[in-house]
Amino acid sequence: MELFSQSASKTQTALPEKGARILKGVVRRVVFFNPENGFGIIRLDPEASSLNGELPAGQEAVVKGNIGQVSPGEILLLKGEWGFHNRFGKQFRAFEATRSLPDTAEGLQAYLGSGMIDGIGREYARKIVEFFGDNTLQVLEQSPDKLTDVPGIGKVRSEKIIQAWGKHQAIREVMIFLQSYGISTAYAHRIIRSYGNQAIFQVTSNPYRLCEDISGIGFKSADRVAMKMGIPADSIERFEAAVIYLLTQGSENGHCFLPSSEIISQGRRLLDLDESQSPPEKFEKAFFGLQTRGRIVEAGPPEDSWIYLDYLYSAEGELAENLIALTSSRIALQSGDNSGKSPFSGSGIGQLTSEQSLAVAAVLNGRLVVVTGGPGTGKTTTVRGIIRALEDNGITYALASPTGRAAKRLGEATGRKGRTIHRLLEFSPQGKFARDGSNPLSYDAIIIDEASMLDLPLANSLVKALKGGARLVLVGDVNQLPSVGPGDVLRDIIGSGIARVIMLNTIFRQAEESLIIVNAHRINNGLFPVFRGEGEPGRRDFYFIKAEDSESIADVITGLVRDRLPSWGKFDPFDDIQVITPMHKGTAGVKNLNESLKNSLNRGGDGVQKGNLVFDPGDKVMQIRNNYNKEVFNGDTGRVVRADRDTGRVVVDFDSRHVAYDRGDLMDLEHAYAISIHKSQGSEYPVVVIPVHTQHFIMLWRNLIYTAVTRAKKLVVLVGTAKALRIALQKDDNSRRHTNLKMRLAEV
């Protein structure tokens, strides 16, 4: 299909025919766009003939509605109705949007310079349009070799533009199809990357694949496409897709399985069907079909069975079997390699407490050992003692952590090489570990720090890769939040009784001098923290600033990070201070605080835009999905070092390793001036600022506040209300997860 043989594409929702008005104009600016549902707010330069006196001539129109993603310079023909907003005035609510390419030099320049075509920024768009005039689009499609005639465009840039324009043609062709089913252009790059030239075939054959295959597209979006394609609301395909989606969402919330009753109740809400339209038999039929095809496993009690995604059921079973096998083999203490030394010789046991010495002895004499304790109880010192004992006895070992930051900290604290578990197991870009049961690790012992962050799949891969007779030492704080991924591995191992568990309870004198340590333990025990001035005049590392409403909390935090903390303690706003908040949404949530802090610290604006975010050099950013090809993982943080608006390329420094992102990859990045408490796991920061407000009521839990406080090394500042903090302290545990590992282990 020729790209411009179809000059317009249409995005529509249900359009009331009566009273519908027409508005036509040129897109001047995209104010807001939500890629999940296609809702956008734009400023339009309207044709006077379509205004019918609704606005003064020459005034831009504000348009909102499900119009899809549009670019400046495009011409829109809109159907909808005029309305009035108390704050923003007159607006046009669009129900249907028909797009066509620009037909003026000004429109062409805005369209080509909008950043959607790599190699053509604002300046080159101006040069191209000035040179070719009204023939610009015809040249790009039919005679792109003429681009080298434009002053300033050489062969290299010309080839880059031609290649990018070709990709743009493919995207636009797919988008003409996708927009007819209400899908925005925001995911076109990912759809094409996943399906290639089979994109239209794949979507039409099974639209529900979108929510499984395309990151960022949820069930509702895929379901809208399916409904428009005529798939019946009560079809078994729809029920099966809902089951897979709910199980996937459940795993992202930490569950290894969901009870069938939960799937049925959640499924009805998701499908918007009442009980008569979705009887249990319908879901049971979906369970049967999915299990027959190997997508799920149904286990547990028949009256309310446990529904697993297949890979999680296998991982849980394998991990249980391998841990049982690990603990079943006996340790034969070495003698020949040690030249007659005792297992404790030279290990520095005399310098350790009795608890720490017990941990060292347990590692030398056992296969599976857990060392757990709160802040200030000497976990790092214990690890050093274990390392010395292993070295003195000729036992080879490796140190690893679930995240890059935690691994770096582990290496710095021990003076030995620390690495991520992914690197230890030699993860390949193809999505597999080189180290496994058939190619095990060569070490006699593996020490894992921050073990509370171990999720079920990663723990299974790790244990499978241990060689016969190896030791596994898990070090962590069981009172921290569990892993971001599915499972509660550390807690389940401790609860099962299969491992030798050493609890470190002694708080060292140096740690007792820190209110961060004192208050972490108070919070963990449900007690209100103490602050400087409350009998603690010499301690200057824990503060509470009262702010009653969420708006003032955001203002106070912005002022703290930008001005007060840097001047008070010489803390760098980017490198030393981290805002950690319980919620994503709301005035004191991740999204709003990031916007406020970026505007205050690194306003920029000339960087690369993706959706509603602009990435400028200097920005703090976080990877929000695992990308095994780039070797960056969910929760990794870095700083933008380059952002090329013309090419759409952003380069991020992750701990001195530069990683490049094309425009299509930027959905995996978020600003990280403020991050969620879950995302902060495994990291430490000199200063932590934590908003605590009843706006976050649903996320006010003791272990959330405990985890946030224990991320700080030098200073904690809580901002909010004492009422919200007391609510959190009274709510003991929000981390109950559907997992059967403990039961499988305890049965032995």
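Since the model is a prediction, treat every value here as computed from it, not as a measurement.

Novice: For this particular structure, what's the right way to read the overall build of the protein chain?
Specialist: Regarding its fold elements, the protein chain presents 26 helices and 27 strands. For the protein chain, with 748 residues in total, the buried portion stands at 54%. Taking all contacts inside the protein chain whose residues are at least 6 apart in sequence as the whole, residues at least 24 apart take part in 68%. In the structure as shown, the protein chain presents an accessible area of about 32,700 Å², 48% of it carried by carbon and sulfur atoms.

Novice: Help me understand helix H11 (residues 280-292) in this model?
Specialist: Since the α-helix turns once every 3.6 residues, residues separated by three or four places project in the same direction. With 13 residues, H11 should reach 18 Å at 1.5 Å per residue; the first-to-last C-alpha distance of 18 Å fits that figure. Phe 283, Ala 286, Phe 287, Gly 289 and Leu 290 are the residues of H11 that are buried. For H11, the elements touching its buried residues are helix H9 (236-252), helix H10 (260-271), strand S8 (296-299) and strand S9 (306-309). Just downstream of H11, Gly 294 is the residue with a positive phi angle, here 80°.

Novice: I keep staring at the side chain of Thr 739 and nothing clicks. Help me out?
Specialist: In this fold, Thr 739 is placed in the loop between helix H25 (722-730) and helix H26 (741-746). One polar contact links Thr 739 to Asp 492, side chain to side chain, over a distance of 2.9 Å. Engagement of the side chain of Thr 739 in a polar contact is seen with the backbone nitrogen of Leu 741, the distance being 3.3 Å. Aside from chain neighbours lying at most four places away, what touches Thr 739 is Cys 256, Phe 257, Glu 316, Asp 488 and Asp 492.

Novice: What should I look at first to understand the environment of Gly 378 in this one?
Specialist: Residue placement: Gly 378 occurs in the loop between strand S10 (368-373) and helix H14 (379-392). The class of Gly 378 is buried, set by a relative accessible area of 13%. Separated by 25 residues in the primary sequence, Gly 378 and Thr 353 place their C-alpha atoms 9.2 Å from one another. The contact partners of Gly 378, leaving out residues within four places of it in the chain, are Gln 356, Leu 504 and Phe 508.

Novice: Just to check I follow, could you spell out the sheet that holds strand S14 (residues 471-476) for this structure?
Specialist: The pairing of strands in a sheet comes from backbone hydrogen bonds and takes either a parallel or an antiparallel form. Strands sit in the order S12-S11-S13-S14-S10-S15 across an open sheet of six strands; the sheet is parallel. The open sheet has two edge strands with one neighbour each: strand S12 (418-420) and strand S15 (500-504). Between one strand axis and the next, the sheet turns by 25° as a mean value, whatever way the strands run. Sheet topology note: the strand S11 (residues 397-401)/strand S13 (residues 445-448) ladder contains four bridges and is parallel. Pairing of Ala 400 across the sheet is with Ile 448, part of S13. Packing of helix H15 (residues 404-414) onto the sheet brings it into contact with S11 and S12, and relative to S11 it is tilted by some 135°.

Novice: What exactly am I supposed to notice about unusual backbone geometry here?
Specialist: With the exception of glycine, the majority of residues adopt a negative phi angle, and the majority of peptide bonds are in the trans configuration. Unusually for a residue other than glycine, Asn 52 sits at a positive phi of about 50°. Relative to the assigned elements, Asn 52 resides in the loop between strand S3 (39-46) and strand S4 (61-66). Its identity as a non-glycine residue notwithstanding, Glu 426 has a phi of 60°, on the positive side. Mapped onto the elements, Glu 426 comes out in the loop between helix H16 (421-424) and S13.

Novice: What am I meant to see in the confidence of the model for the protein chain here?
Specialist: Detailed reading of predicted coordinates is not advised where the pLDDT is low. The pLDDT averaged across the protein chain works out to 86; a share of 90% of its residues lies at or above 70. Contacts of residues 1-18 to residues separated by more than four positions or lying in other chains number 48 contacts, the stretch itself having pLDDT below 50. The low-confidence segment residues 334-350, where pLDDT is below 50, has 25 contacts with residues more than four positions distant or belonging to other chains.

Novice: For this particular structure, what's the right way to read the nonpolar core?
Specialist: Soluble globular proteins tend to bury their nonpolar side chains together. Ranked by internal contacts, the top residues of the largest apolar core, which has 45 residues, are Leu 323, Ile 446, Ile 448, Leu 472, Leu 474 and Ile 493. Among the elements that make up this core, the one with the highest residue count is helix H12 (residues 310-328) (seven residues). Among the domains, domain 2 (203-309) and domain 3 (318-331 + 352-506) are the pair contributing at least three residues each to this core. Judged by nonpolar contacts, the second largest core, of 36 residues, contains Ala 199, Tyr 208, Ile 217 and Phe 239.

Novice: Just to check I follow, could you spell out the packing of H9 against H10 for this structure?
Specialist: Any two packed helices are characterised by how steeply their axes cross, that is the angle between the axes, and by the distance between the axes. For the pair H9 and H10, the least separation of the axes is 10 Å and the interaxial angle reads 115°. The crossing of H9 and H10 is right-handed. Each of Arg 238, Phe 239, Ala 242, Val 243, Tyr 245, Leu 246 and Leu 247 in H9 lies in contact with H10, whose residues at this interface are Ile 263, Gln 266, Gly 267, Leu 270 and Leu 271. Its residues assigned to classes, the contact of H9 with H10 shows nine nonpolar, two polar and one charged.

Novice: Quick question: what am I supposed to make of helix H20 (residues 515-524) here?
Specialist: The element H20 is largely enclosed, with a buried count of seven among its 10 residues. For H20, the set of buried residues is Leu 515, Ile 516, Ile 517, Asn 519, Ala 520, His 521 and Ile 523. The N-terminus of H20 is capped by Ser 514, whose side-chain oxygen sits 3.1 Å from the backbone nitrogen of Ile 516. The first or second residue beyond H20 is Gly 526, which carries a positive phi of 80°.

Novice: It is not clear to me how the pattern of salt bridges should be interpreted in this structure. Could you clarify?
Specialist: A side chain of one charge can pair with a side chain of the opposite charge if their charged atoms are brought near each other. Counted under the stated rule, the structure contains 30 salt bridges. The partner of Glu 60 in a salt bridge is Arg 43, with the nearest N and O atoms 4.0 Å apart. One end of the pair, Glu 60, is in the loop between S3 and S4; the other, Arg 43, is in strand S3, and 17 residues separate them in sequence. Several salt bridges share partner residues, and in doing so they unite Arg 21, Glu 54 and Lys 90 into one network.

Conventions and cut-offs
Residues numbered from 1 in each chain as written. Predicted model: local features only at pLDDT ≥ 70, side-chain atom pairs only at ≥ 80, totals over all residues. Heavy atoms only, no water. Helix = DSSP H or I, 4+ residues; strand = E, 2+ residues; numbered from the N terminus. Buried < 20%, exposed > 50% of the residue type's maximum accessible area, 1.4 Å probe, protein only. Contact = heavy atoms within 4.5 Å. Areas by Shrake-Rupley, 256 points an atom, 1.4 Å probe, with all protein chains shown as cover. Expected span 1.5 Å × (residues − 1). Polar contact = N/O pair within 3.5 Å; in protein donor to acceptor, adjacent residues only side chain to side chain. Pairing = 2+ DSSP bridges. Axes fitted to C-alpha atoms, helices over the stretch in contact; angles between N-to-C directions. pLDDT = per-residue confidence, 0-100. Core = buried A, V, L, I, M, F, W, Y, C linked by side-chain atoms within 4.5 Å. Domains from an automatic or database assignment. Left-handed = near helix turned anticlockwise from the far one by under 90°. Nonpolar A, V, L, I, M, F, W, Y, C, P; charged D, E, K, R; others polar. Salt bridge = Lys/Arg side-chain N within 4 Å of Asp/Glu carboxyl O.

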